[in-house]
Amino acid sequence: MPGGKMHEMINVAVLMVTISGLIYFTTLKEPAEFINYLNAYTILIFAAAYVFATFFLSPDLDIDSKPYKRWGILRVLWWPYKVIFKHRGFSHNPILGPLSILINLALIVVPLLLLAGFGMQNLPAGFIIATIAGIVLSIEVHIISDAFISKMKSAF
Ligand SMILES: [Zn+2]
């Protein structure tokens, strides 16, 4: 399995390719339907969520990893996650991984927003979709790299 640094490098490389692709799509003369949601704003939100997820929301939150330690004293919020999930179990499942991380994140963020008096209904749909897409893609790239590299290793 790739180390933390390797994961970050792979993730950033995939982001570069993805952003180039998204920007290319916005230049098409006859764009597909989903392009209507693509603009500088949503691409930026997507990229920011992706980068944040790469460094803070890695599936390796199930161990004492760098992403886990980056939370500082707030890592206590991920402690149950680490205890509940065995390493490379649910957290590294292509569906349950992103889902469980998003749920844990929501359990942290939503109460904070409500406490701050921020109405969730004020968040524009484009913002929410771009944020979730960025987080999920970052997690999937991690899971795919893990699976791909352990397959390569067992082949040799
Ligand atoms: Zn991993």
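Note that the structure is predicted; figures quoted are calculated from it, not measured.

1. Focus: the overall build of the chain
Okay, step 1: Scanning the chain from terminus to terminus reveals six helices and zero strands.
Okay, step 2: Ordered by position from N to C terminus, the α and β elements of the chain give α-α-α-α-α-α.
Okay, step 3: A globule of 156 residues ought to have a C-alpha radius of gyration of about 15 Å, and the chain, at 17 Å, matches this closely.
Okay, step 4: In terms of overall dimensions, the chain has a C-alpha envelope of 50 × 45 × 25 Å along the principal axes.
Okay, step 5: Considering the chain as a whole, with its 156 residues, one finds that 21% of them fall into the buried category.

2. Concerning the UniProt feature "transmembrane region" (unreviewed entry) in the chain
Okay, step 1: In this numbering, the UniProt entry assigns the feature "transmembrane region" (unreviewed entry) to residues 9-28, 34-57, 95-119 and 125-149.
Okay, step 2: Secondary structure within residues 9-28 divides into 95% helix and 0% strand; the distance between the first and last C-alpha atoms comes to 29 Å.
Okay, step 3: As a span, residues 95-119 carries 80% helix and 0% strand, and end to end its C-alpha atoms are 29 Å apart.

3. Examining the environment of Gly 21
Okay, step 1: Mapped onto the secondary structure, Gly 21 falls in helix 1 (residues 4-27).
Okay, step 2: On the basis of neighbour counts, which here come to 9 C-beta atoms within 10 Å, the residue Gly 21 falls in the exposed class.
Okay, step 3: Spatially, the C-alpha atoms of Gly 21 and Pro 2 are 26 Å apart, while their sequence positions differ by 19 residues.

4. A closer look at the environment of Phe 46
Okay, step 1: Along the chain, the position of Phe 46 falls in helix 2 (residues 40-56).
Okay, step 2: Phe 46 gets classed as buried once you count the C-beta atoms within 10 Å, which come to 25.
Okay, step 3: Sequence-wise, Phe 46 and Thr 131 are 85 residues apart; in three dimensions their C-alpha atoms are separated by 5.3 Å.
Okay, step 4: Among residues more than four places away in sequence, those in contact with Phe 46 are Ala 130, Ala 133 and Gly 134.

5. Here's the deal with the nonpolar core
Okay, step 1: Among the nonpolar cores identified, the biggest contains 16 residues, and Ala 49, Tyr 50, Ala 53, Leu 57, Ile 135 and Ile 139 are the most heavily contacted of them.
Okay, step 2: Broken down by element, the residue count for this core peaks at six residues, all from helix 6 (residues 125-155).
Okay, step 3: Ala 53 has contacts with Gly 134, Ile 135, Ser 138 and Ile 139, leaving out every residue within four places of it along the chain.

6. Topic: the packing of helix 5 (residues 96-115) against helix 6
Okay, step 1: Axis separation between helix 5 and helix 6 bottoms out at 9 Å; the angle between their running directions is 135 degrees. Relative to helix 6, the element helix 5 is oriented oblique. Helix 5 and helix 6 meet at a crossing whose hand is right-handed. Each of Gly 97, Pro 98, Ile 101 and Leu 102 in helix 5 lies in contact with helix 6, whose residues at this interface are Ile 132, Ile 135, Val 136, Ile 139, Glu 140 and Ile 143.
Okay, step 2: Of the residues belonging to the contact of helix 5 with helix 6, the class tally is eight nonpolar, one polar and one charged.

Basis of the calculations
- Residues numbered from 1 in each chain as written.
- Predicted model: local features only at pLDDT ≥ 70, side-chain atom pairs only at ≥ 80, totals over all residues.
- Helix = DSSP H or I, 4+ residues; strand = E, 2+ residues; numbered from the N terminus.
- Rg over C-alpha atoms; globule rule 2.2 N^0.38 Å.
- Buried ≥ 20, exposed ≤ 12 C-beta atoms within 10 Å, placed from the backbone.
- UniProt positions renumbered as here; feature names shortened; annotations may be inferred.
- Contact = placed C-beta atoms within 7 Å.
- Core = buried A, V, L, I, M, F, W, Y, C linked by C-beta atoms within 7 Å.
- Axes fitted to C-alpha atoms, helices over the stretch in contact; angles between N-to-C directions.
- Parallel < 35°, antiparallel > 145°, perpendicular 65-115°, else oblique.
- Left-handed = near helix turned anticlockwise from the far one by under 90°.
- Nonpolar A, V, L, I, M, F, W, Y, C, P; charged D, E, K, R; others polar.

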